[in-house]
Amino acid sequence: MEKPRQGISTWARAQGEWMRNELAKSPKITTLNDVVCEKVELTSENDRYLFGHILWKVALYSIRRSQTDDRCSYSRSTFNGPTDPMVTCNVEEDLTSCDQLKAQLFVSVKTRKDIMSMEAIEGTMFVSAALDYTGAPANRSTTGGWVSAASILVVELCERLSTMAIAVNLVTYLVGTMHLPSSTSSTIITNWSGISYLFSLLGGVLADSFLGRYWTIAIFANIHMLGSCLLAISAVLPNLRPPPCNPSLPDDCKEANGLQMAVFYISLYTIAVGLGGIKCSVSGFGTDQFDEKDEKEKAQMAHFFNRFYFFISIGTLLAVTVFIYIQDRVARVWGYACCSIIMLLAIAIFFSGTRRYRYKACLGSPIIQILQVLVAAVRKRKLKFPADMQQLHETHSTESRIAPTRQLICLDRAAIIDDDDYIMIESGTQNRWRLCSVTEVEEVKMMTRILPIWATTIMYYAIHAQMITFAVLQASTMERSIGSFEIPGASFDAFFIGAILLTLAIHDRLIVPLLKKKKGTLGLTSTQKMGLGLFISIIAMVVAAIVEARRLKVAKSTSSTNSILPISAFLLAPQFVLAGAAEGLVYTGQLDFFLSESPKGMKAVSTSLFLTTISFGFFVSSVLVAIIRRVTEGGQNWLPANLNHGRLDLFYGLIALLSAINLGFYLLSAKWFLCKKIQRQN
């Protein structure tokens, strides 16, 4: 088992107690007479760890030897009898205080061959640092793998299907049913989307520190389903939505009142809470089903990431086609009811895999570690550094230490040992809000260095926000028929999803083999992907502005009584395709960058940080809409209730300009990051 960074004595006690309890229940374990007696003096924390580790190995070896057919297999059903008398130790008492940590350990091991056999059994039978649903070590053959991961992939597919079926077509519901202005509707959606992803930070803290990933997904999936049900109820009850507009007076529509909007917001933000809890845990729980130390399972984990994003795209594609059609052509309430049913199905499938999942213990949130380093550095801001920097506090083993750097040296003060710290160390206690190790400080520095890249990728998601708000409203005013079949406006996002899948396929099947053959690299680097994606997104906004200018020209020459303009909505396809291609590059580039450039102990918070770029991108869109409405309100309103009377083309042009400026800052940030990375390596 891997030695944990914190709570060594607690870990050792837990493993020893589990071993003792299992031996106490097993009549099939017989005493092995050929033994070597070793006396272990448990006088240090390291001894306590080793003692628990030895007990753990003895338990594994004894369990293996108890099998009549001598197979390396394990089943809890075989444990139901007396303690093996050859293992004598009061674990609860002996591992509690240093004064009582003395015991005689009779080890059922005779030769070095037996010891090596124990190591092999532990490696082949059980997964390091993973538990099964009962809290026992996870058996490799009966837990985890693709069977467990498949259930988790289905949960993500259902979540994407349900969420995107609501999000993509929500603007038409707010404008057409709730009778809100287009700009107000856009702001509501972008704020909701932003807060949804922001909730992933809260969900991440709960998952890492308290609930664990399994219970976080289980609880928040139910919350998501509850929100979908409330939304369906609000869509079916007449009192919870305003009356329909008078067909003869289309501009005389009554907006939703306070009660109706309150119920709508409660249902919508209940979904947001559920979404945040699921997104922060589902990918991590999926990777928990594979053992990184096993080469076969490590390769399967790489395929899991590819299939994870594929399932996201498939779920979104089904949402913007099948489910949007149900909402627009059957009934809105049936569309939202289907979202609830899909989430109920996801929950059932998720719980069905409970016995096969592998679980990881809660090790605490890395966000707490970041705050501890910052607080400790501020507390000791007036202290001077020691003449020898090697005197800074360090508790990590040589293998797991991160070499100190001279960058952001102000944070190194968190590792300075003062007189109060010496007293705590001698007493065997430590306050991490006062004293942190050098490695912990360096991990925070690593997270700080990626912030410029984080900040300069936010702007893309402001462009993404236009694809599910104003672009959908544009399509709703244009000719969308193919023969007698009319395509829902929100279904044009299928071009967006299709472009993502096509871009990923081109990169994996064409670009990767080509670059591998010519340069020996595995495709575009993460920073190259993000830079190319940001550049393509600018082109998407320029094309969108040109198409909108043409649409407005047609609108001015058409009677205002016509709700559908004589111009094909398929003119919007290029902007959806370009924005989708950009997303495929930016999203995968970000995911790769944030996971590869963050410290091992902060992968979860790094994923949450990545999701906040989506959140803040939607917030940027909301801010831009609010500013443009206020600035242009007195004259030519760019974003009026009726887009045919506005200048959405200029708004798109403004976003393209801001994105171009942002691309310049991104290139500078990427160059700075790569230079610093080379300096650290040298």
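Residues numbered from 1 in each chain as written. Predicted model: local features only at pLDDT ≥ 70, side-chain atom pairs only at ≥ 80, totals over all residues. Heavy atoms only, no water.

A tally of helices and strands in the protein yields 21 helices and 8 strands. A buried classification covers 52% of the 682 residues belonging to the protein. Taken as a whole, the protein presents about 31,100 Å² of accessible surface, with 61% of it coming from carbon and sulfur. (Helix = DSSP H or I, 4+ residues; strand = E, 2+ residues; numbered from the N terminus. Buried < 20%, exposed > 50% of the residue type's maximum accessible area, 1.4 Å probe, protein only. Areas by Shrake-Rupley, 256 points an atom, 1.4 Å probe, with all protein chains shown as cover.)

Further remarks concern the packing of aromatic side chains. Under the defined criterion, the tally for this structure stands at 32 aromatic pairs. For the pair tyrosine 357 and tyrosine 359, a centre-to-centre distance of 6.4 Å together with 80° between the ring planes defines the contact as edge-to-face. Its relative accessible area of 0% is what places tyrosine 357 among the buried residues. Every member of this aromatic cluster is reached through a ring pair, and the members are Tyr214, Trp215, Phe285, Phe350, Phe351, Tyr357 and Tyr359. Positioned above the aromatic ring of tryptophan 146, the side-chain terminus of arginine 307 is 4.4 Å from the ring centre. (Phe/Tyr/Trp six-rings, centres within 6.5 Å; stacked < 30°, edge-to-face > 60°. Lys NZ or Arg CZ within 6 Å of the ring centre and 35° of its normal.)

As a further point, take empty space enclosed by the protein. Enumeration over the complete set of coordinates arrives at 4 cavities of 30 Å³ or more. The computed volume of the largest cavity comes to approximately 380 Å³. Lining the largest cavity are 27 residues; nearest its centre among them are Arg160, Met164, Tyr197, His464 and Glu583. When residues in the lining of the largest cavity are grouped by element, the largest group, 5 residues, is from helix α9 (residues 295–330). (1 Å grid on protein atoms, 1.4 Å probe; cavity = no way out; pocket = protein on both sides within 12 Å on 5 of 7 lines; lining within 4 Å. Points joined across faces, edges and corners; volume = space filled by probe spheres on them.)

In the predicted model, the protein carries a mean pLDDT of 79, and 79% of its residues have values of at least 70. When pLDDT is averaged over each element of the protein, helix α10 (residues 332–352) comes out on top at 95 and strand β2 (residues 102–107) at the bottom at 31. Low confidence marks residues 56–121, where pLDDT is under 50. Its contacts with residues over four positions away, or in another chain, come to 144 contacts. (pLDDT = per-residue confidence, 0-100. Contact = heavy atoms within 4.5 Å.)

Pairing between side chains of opposite charge can happen when their charged atoms approach one another. Summed over the entire model, instances satisfying the criterion amount to 20 salt bridges. Ionic pairing is found between lysine 360 and aspartate 288, a salt bridge with its closest N-O pair at 3.9 Å. Placement of the pair is lysine 360 in the loop between α10 and α11 (366–379) and aspartate 288 in the loop between α8 (258–287) and α9, with a sequence separation of 72 residues. A salt bridge links arginine 358 to glutamate 297; the shortest N-O distance between them is 2.8 Å. Of this pair, arginine 358 sits in the loop between α10 and α11 while glutamate 297 sits in helix α9, and the two are 61 residues apart along the sequence. We classify arginine 358 as buried; its relative accessible area is 0%. Glutamate 297 sits in the buried class, given a relative accessible area of 8%. Shared partners join several salt bridges into a network, and the residues in it are Arg140, Asp291, Asp294, Glu297 and Arg358. (Salt bridge = Lys/Arg side-chain N within 4 Å of Asp/Glu carboxyl O.)

Moving on, we come to the pairing of strand β3 (residues 126–131). As paired strands, β3 and strand β4 (residues 137–139) are joined by 2 bridges and run antiparallel to one another. Of the residues in β4, the one forming a bridge with phenylalanine 126 is asparagine 139. Linking two consecutive strands that pair antiparallel, namely β3 and β4, is a turn of 5 residues; a positive phi of about 95° is found at glycine 135 within it. (Pairing = 2+ DSSP bridges.)

A separate point is the state of the cysteines. Tallied over the entire structure, the rule returns 1 disulfide. Here cysteine 245 pairs with cysteine 253 through a disulfide, and the sulfurs are 1.8 Å apart. As the torsion about the S-S bond is roughly 130°, the cysteine 245-cysteine 253 disulfide counts as right-handed. (Disulfide = S-S within 2.5 Å.)

Next up on the list: the environment of aspartate 418. The residue aspartate 418 is located in the loop between α11 and α12 (419–426) in this model. In the structure, aspartate 418 is positioned 17 residues away from leucine 435 in sequence and 9.0 Å away in space, judged by C-alpha atoms. Reaching out from aspartate 418, the side chain makes a polar contact with the backbone nitrogen of aspartate 421 at a distance of 2.9 Å. (Polar contact = N/O pair within 3.5 Å; in protein donor to acceptor, adjacent residues only side chain to side chain.)

Now for the pairing of strand β8 (residues 565–568). Going residue by residue along β8, you find Leu565 and Ile567 tucked away on one face and Pro566 and Ser568 left uncovered on the opposite face. In this structure, strand β5 (residues 478–479) lies alongside β8, joined through 2 bridges in parallel fashion. Among the inter-strand pairings, glutamate 479 is bridged to a residue of β8, identified as serine 568.

Okay, the side chain of threonine 172 next. Relative to the helices and strands, threonine 172 resides in helix α6 (residues 170–176). Side chain to side chain, threonine 172 and arginine 332 meet in a polar contact 3.3 Å long. Not counting chain neighbours up to four residues away, the residues in contact with threonine 172 comprise Thr177, Arg332, Val472 and Ser476.

Next up on the list: the environment of threonine 216. Summarising the element assignment, threonine 216 is placed in helix α7 (residues 182–236). Along the backbone, threonine 216 and leucine 206 are 10 residues apart, and their C-alpha atoms lie at a distance of 7.3 Å. Excluding residues that lie within four positions of it along the chain, threonine 216 makes contacts with Gly203, Leu206, Ala207, Leu211, Gly277, Cys280 and Ser281. Engagement of the side chain of threonine 216 in a polar contact is seen with the backbone oxygen of glycine 212, the distance being 2.6 Å.

With respect to the secondary-structure elements, glutamine 300 resides in helix α9. Residue class for glutamine 300 comes out buried when judged on its relative accessible area of 18%. Residues contacting glutamine 300, with those up to four places away along its chain left out, are Trp146 and Phe290.

Glancing now at the nonpolar core. Leu170, Phe264, Phe470, Phe651 and Tyr652 are the most contacted members of the largest nonpolar core, which has 142 residues in total. With 13 residues, α7 is the single largest residue contributor to this core. (Core = buried A, V, L, I, M, F, W, Y, C linked by side-chain atoms within 4.5 Å.)

Moving on, we come to unusual backbone geometry. Despite not being glycine, histidine 179 has its phi angle at roughly 60°, a positive value. Secondary-structure assignment places histidine 179 in the loop between α6 and α7. Look at histidine 179 and you get buried, because its relative accessible area is 9%. We note that leucine 408 has phi near 50°; this positive angle belongs to a residue other than glycine. Along the chain, leucine 408 turns up in the loop between α11 and α12. Using a relative accessible area of 36% as the deciding quantity, one classes leucine 408 as partly exposed.

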